[in-house]
Amino acid sequence: MLEIKGLQSGYGYLQVLWDVSLELNDGEFIVLLGSNGAGKTTTLRTISGVIRPISGEINFLGQSIGGKPGHEISRLGISFITEDLNLFPKMTVYDNLLVGAYSVRDKKKIKETLAYILNLFPRLEERLNQLAGTLSGGERKMLAIGRGLMPNPKLLLVDEPSLGLSPLMTRATFDALRKLNQDGTTILLVEQHLGKALEITNRGYILEQGKVVMEAPTATLLESERVKEVYLGR
């Protein structure tokens, strides 16, 4: 589904990614691991078109998307749930969700997707007419994920979904992501809660200083002495 070869990217004169290659198959749930500044978020931003790559290839469903603007990449079927969420705080939960469906013309499909999201996140249904800016941190995270699902993406990029959440809300968010994947959505996850992320994903890539240094099934990563020592603190 997604294939990245020799990706180099960054911000102006600051290069962050160096020759990064990875791939996701249809239906997989993949995690990007690494310390702060390793290039995880930059990878997601480059895939989604937020920043342009310096060089390398990004292919999605057989089509080159490297350097395309974000709105075009979104229409191809990629949704990016950013760490800062980018909600509209003075709009209701319902209206925020509808914004996510701006490119969908099938009203029946919008209604079906909305029903699926409210079943996935019952808390949002309770707060449909509430302003997004008055939600708790966990509820805002749910809303951001829900809005990203409204255009029925084939690939979901999720950046640090547990950041700032309580253990209870973290568990609910991870359960929702697991359910999404089980229902067929391919997910590329960046997450600081490494133990939990490795429990629910299929494979993982480790980034260090902008380079992929390891790739393996998550079961293998969990048994890696390096992962235990450096990332899990064991």
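So, here's what we can say about the structure. (Residues numbered from 1 in each chain as written. Predicted model: local features only at pLDDT ≥ 70, side-chain atom pairs only at ≥ 80, totals over all residues. Heavy atoms only, no water.)

1. Things to note about the overall build of the protein chain
Applied cut-off: Only DSSP runs of H or I reaching four residues or more are called helices, and only runs of E reaching two or more are called strands; each is numbered from the N terminus. With the radius of gyration taken over C-alpha atoms, the globule rule is written as 2.2 Å times the number of residues to the power 0.38. Here's how the labels work: a residue is buried when its accessible area is under 20% of the maximum for its type, exposed when over 50%, partly exposed in between, all with a 1.4 Å probe on protein chains only. The contact definition used throughout considers only heavy atoms, calling two residues in contact when any of these lie within 4.5 Å. Residue exposure ignores everything except the shown protein chains as possible cover, and the areas themselves are Shrake-Rupley values with a 1.4 Å probe. All tallies of charge rest on Lys and Arg as positive and Asp and Glu as negative; His and the ends of each chain are not included. For the purpose of locating charges, the reference atoms are NZ of Lys, CZ of Arg, CG of Asp and CD of Glu.
Looking only at helices and strands, the protein chain has 10 helices and 10 strands in total. For a compact globule of 234 residues, the expected C-alpha radius of gyration is about 17 Å, and the protein chain comes in at 17 Å, within 12% of that figure. Reported as C-alpha extents along the three principal axes, the dimensions of the protein chain are approximately 45 × 40 × 30 Å. When each of the 234 residues of the protein chain is scored for burial, the buried share is 51%. Sequence-distant contacts in the protein chain: of pairs separated by 6 or more residues, those separated by 24 or more amount to 67%. By element, 49% of the accessible surface of the protein chain is carried by carbon and sulfur atoms, the whole surface being about 11200 Å². Computed over 27 positive and 26 negative side-chain charges, the separation of the two mean positions in the protein chain equals 6 Å.

2. Side note on the sheet that holds strand 5 (residues 63-64)
We apply this condition: Strand pairing is assigned whenever DSSP detects at least two bridges linking the two strands. Each axis is a line fitted through C-alpha atoms, and for a helix only the stretch in contact is used; angles between axes span 0 to 180 degrees, taken between their N-to-C directions.
One open sheet holds the four strands; their spatial order is 2-1-4-5, and the pairing between them is antiparallel. Bordering the open sheet on either side are strand 2 (14-24) and strand 5, each of which pairs with just one other strand. Inspection of the sheet shows strand 4 (residues 55-60) paired to strand 5 by two bridges, in the antiparallel sense. Each residue of the ladder has a partner; that of Phe60, found in strand 5, is Gln63. Each of strand 1 (2-11), strand 2 and strand 4 is contacted by helix 1 (residues 40-48), which is oriented at about 110° to strand 1, the strand it contacts most.

3. Brief notes about the pattern of salt bridges
Oppositely charged side chains can form a pair if their charged atoms are brought close together. We apply this condition: By convention in these notes, a salt bridge is any Lys or Arg side-chain nitrogen within 4 Å of a carboxyl oxygen on Asp or Glu.
Within the structure shown, the criterion is met by nine salt bridges. Of the charged contacts in the structure, one is a salt bridge between Glu72 and Lys68, with a shortest N-O distance of 3.9 Å. Between Arg127 and Glu139 there is a salt bridge whose closest N-O contact spans 2.8 Å. Of this pair, Arg127 sits in the loop between helix 5 (122-126) and helix 6 (137-149) while Glu139 is found in helix 6, placing the two residues 12 residues apart along the sequence. For Arg127, a relative accessible area of 21% puts it in the partly exposed group. One network of salt bridges, in which partners are shared, links Arg123, Glu126, Arg127 and Glu139.

4. Re helix 7 (residues 167-182)
Selection criterion: To estimate how far a helix should extend, the number of its residues minus one is multiplied by 1.5 Å. Throughout, the arc means that of the directions going from the helix axis to the C-beta atoms.
With 16 residues, helix 7 ought to run about 22 Å at 1.5 Å a step, and its terminal C-alpha atoms sit 22 Å apart, in line with that. By the burial criterion, the buried members of helix 7 are Met169, Thr170, Thr173, Phe174, Ala176, Leu177, Leu180 and Asn181. Projected down its long axis, helix 7 carries its buried residues within an arc of 155°, all on one side. Of the exposed residues in helix 7, those oriented more than 90 degrees away from the buried face are Pro167, Leu168 and Gln182. Phi turns positive one or two residues past the end of helix 7, at Gly184, with a value near 115°.

5. Points about the nonpolar core
Rules: Think of a nonpolar core as a cluster: buried Ala, Val, Leu, Ile, Met, Phe, Trp, Tyr and Cys residues, connected wherever their side-chain atoms sit within 4.5 Å.
Leu97 and Leu189 are the most contacted members of the largest nonpolar core, which totals 45 residues. Where this core is concerned, the elements lending two or more residues are strand 3 (29-33), helix 3 (93-99), helix 4 (107-120), helix 6, strand 7 (155-159), helix 7, strand 8 (186-190) and helix 8 (194-200). Apart from the residues lying within four places of it in its own chain, the contact partners of Leu189 are Phe29, Ile30, Val31, Leu32, Val158, Pro161, Phe174, Leu177, Ala197 and Thr201. Counting 25 residues, the second-largest nonpolar core is a separate cluster that includes Val16, Ile30, Leu44 and Ile58.

6. Details of unusual backbone geometry
Even without being a glycine, Leu61 presents a positive backbone phi close to 55°. Among the residues examined, Leu61 registers a relative accessible area of 48% and is labelled partly exposed. Despite not being glycine, Asn152 shows a phi value in the positive range, around 55°. For Asn152, a relative accessible area of 33% translates into the label partly exposed.

7. Some points on the environment of Gly70
With respect to the helices, strands and loops of the structure, Gly70 is situated in helix 2 (residues 70-76). A C-alpha to C-alpha distance of 5.8 Å links Gly70 and Ser48, two positions 22 residues apart in sequence. Not counting residues up to four positions away in its chain, the partners in contact with Gly70 are Ser48 and Gly49.

8. Points about the sheet that holds strand 9 (residues 203-208)
Strand order in the open sheet formed by six strands is 6-7-8-3-9-10, with mixed pairing between adjacent strands. The open sheet terminates on both sides in strands that have one partner only, identified here as strand 6 (78-81) and strand 10 (211-217). Strand-to-strand twist in this sheet, taken as the mean axis angle between neighbours without regard to direction, amounts to 15°. Here strand 3 runs beside strand 9; their pairing, made up of four bridges, is parallel. In the sheet register, Leu33 faces strand 9, and the bridge partner there is Ile206.

In short, shape yes, function no, at least from these values alone.
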